Amino acid sequence: MSHKWIVGVDLGGTTTKIAFIQDNGEIILKWEIDTDNSDFGKNILKNISDSIDQKLETLKQTKEILVGIGLGAPGAIDLEKGLIYEAVNLGWENNYPIAEILGGVTGLPVVVDNDANCAALGEMWKGAGNGAKDLVCVTLGTGVGGGVIANGQIVHGIKGAAGEIGHITVIPENGAPCNCGKTGCLETVTSATGISRIATEAIHTYYNESKLKMIFENNSKISAKDVFDSAREGDQLAIEIVDKVAFYLGLALANIGNVCNPEKIIIGGGVSRAGNVLLNPLNQYFQNFAFSTVAQSTSIDIATLGNDAGVYGAAWLIKANLESK
Ligand SMILES: [Zn+2]
């Protein structure tokens, strides 16, 4: 099937990324469309189908060249039925049958998984995974997502909610509220939003000079990037905030490491662009908290695919499906 193409779809709340990908992982074409969640999201899958048809026409190809569509969706997925249990952001009713509807309009086989799981599969296939079959992927963006891969397979759990790393409780008492309804989740302290909140709170109880105070005076907000940039320049308060972020992330990753002992833990998402200013203290805390064999054998690496991880991993769903037959 080397001349055939797989469609990888990364369905997001505002934007949907789509790519035609060969089974060797080479991207033929990738593009984005808006996600139209009006009218209970009834246009979303139709728009994806129409957009695929348009691009095929542009490339002077027919649907014959496509072997199937892999799709990553933001929520817990019933893999057998290809439905999403709950997707409030997309406007869909509960248990929305993605595979059935998209398969119906396109006439192609459709395999669906959670978007964070797809990002993990993408990194395994073409990114920082570099051949590792046991890996954990943590995406630090506006929220915190996770995917756990054991022996090349995503760990899904009984209701598709395995790998919800962002909602591991790291502050058991008096933690900040999380979008999930709990408090003190990892997401509340290590997402871009969480880091920004910690920094904004910290300047009000910090009595020395700090670059972060100037940034707040000028912009009335402090971004996660501001914190990492200032820490890199040696700002003491910023260094303390990064240390706090690294502490909680290191704690959570060490506990995950003790459960899975993966070859690699891959950190992706916008926050991972901080690079060594985060990775150095993170490695230190990971070493402190992890069981010694885990500390010695599990490495922490930065993701390499950026925003493309999702479409690669979605395409991998079809590739893996074909190869298992
Ligand atoms: Zn939570």
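Going by the structure above, here's the rest.
Quick caveat, the model's predicted, so the values are computed rather than measured. (Residues numbered from 1 in each chain as written. Predicted model: local features only at pLDDT ≥ 70, side-chain atom pairs only at ≥ 80, totals over all residues. Heavy atoms only, no water.)

Another aspect to go through is the side chain of Asp308. By secondary structure assignment, the location of Asp308 is in the loop between strand E12 (299-302) and helix H11 (309-323). In this structure Asp308 comes out as buried when scored by relative accessible area, which is 19%. Among the polar contacts listed, one links the side chain of Asp308 to the side chain of Lys30, at a separation of 2.6 Å. (Helix = DSSP H or I, 4+ residues; strand = E, 2+ residues; numbered from the N terminus. Buried < 20%, exposed > 50% of the residue type's maximum accessible area, 1.4 Å probe, protein only. Polar contact = N/O pair within 3.5 Å; in protein donor to acceptor, adjacent residues only side chain to side chain.)

To continue, consider the coordination of the zinc ion. Coordination of the zinc ion by the protein is provided by His167 (ND1), Cys178 (SG), Cys180 (SG) and Cys185 (SG), with metal-donor distances spanning 2.0 to 2.3 Å. Around the zinc ion sit four donor atoms, and with donor-metal-donor angles ranging over 103 to 121° the site reads as tetrahedral. On the primary sequence, the residues serving as donors to the zinc ion are separated as H-x10-C-x1-C-x4-C. In this pair, His167 sits in the loop between strand E10 (153-154) and helix H4 (187-190) while Cys180 sits in the loop between E10 and H4, placing the two residues 13 residues apart along the sequence. On the basis of relative accessibility, which here comes to 22%, the residue His167 falls in the partly exposed class. Among the residues examined, Cys180 registers a relative accessible area of 39% and is labelled partly exposed. (Donors = N, O, S within 2.8 Å, 3.2 Å for Na, K, Ca; no water. Tetrahedral: all angles 85-135°; square planar, octahedral: opposite > 155°, others 65-115°.)

Let us look at the sheet that holds strand E8 (residues 135-140). Strand order in the open sheet formed by five strands is E10-E9-E8-E11-E12, and the pairing between neighbours is mixed. What marks the edges here is a single partner per strand, and that holds for E10 and E12. Pairing analysis gives six bridges linking E8 to strand E9 (residues 144-150), with the strands arranged antiparallel. Directly across from Cys137, in E9, lies its bridge partner Gly147. (Pairing = 2+ DSSP bridges.)

Our next topic: the layout of surface pockets. Regions of empty space are outlined by a rolling probe, equal in size to a water molecule, passed over the atoms. Taken as a whole, the second largest pocket holds about 390 Å³ of empty space. Taken together, 17 residues make up the lining of the second largest pocket; nearest its centre are Gly152, Gln153, Trp316, Leu317 and Ala320. Those elements that place two or more of their residues in the lining of the second largest pocket are strand E7 (110-114), helix H3 (115-126), E10 and H11. Residue composition of the lining of the second largest pocket, grouped by class: nine nonpolar, six polar and two charged. (1 Å grid on protein atoms, 1.4 Å probe; cavity = no way out; pocket = protein on both sides within 12 Å on 5 of 7 lines; lining within 4 Å. Points joined across faces, edges and corners; volume = space filled by probe spheres on them. Nonpolar A, V, L, I, M, F, W, Y, C, P; charged D, E, K, R; others polar.)

The next point concerns empty space enclosed by the protein. Considering all chains together, one arrives at one cavity of 30 Å³ or more under this definition. Space inside the largest cavity adds up to approximately 30 Å³. Looking at the largest cavity, the residues that line it are Thr16, Ile33, Asp34, Thr35, Asp36, Ile44, Asn47 and Ile48. Of all elements in the fold, only strand E3 (27-34) and helix H1 (44-58) reach the threshold of two or more residues within the lining of the largest cavity. Classifying every residue of the lining of the largest cavity by side-chain character gives three nonpolar, three polar and two charged.

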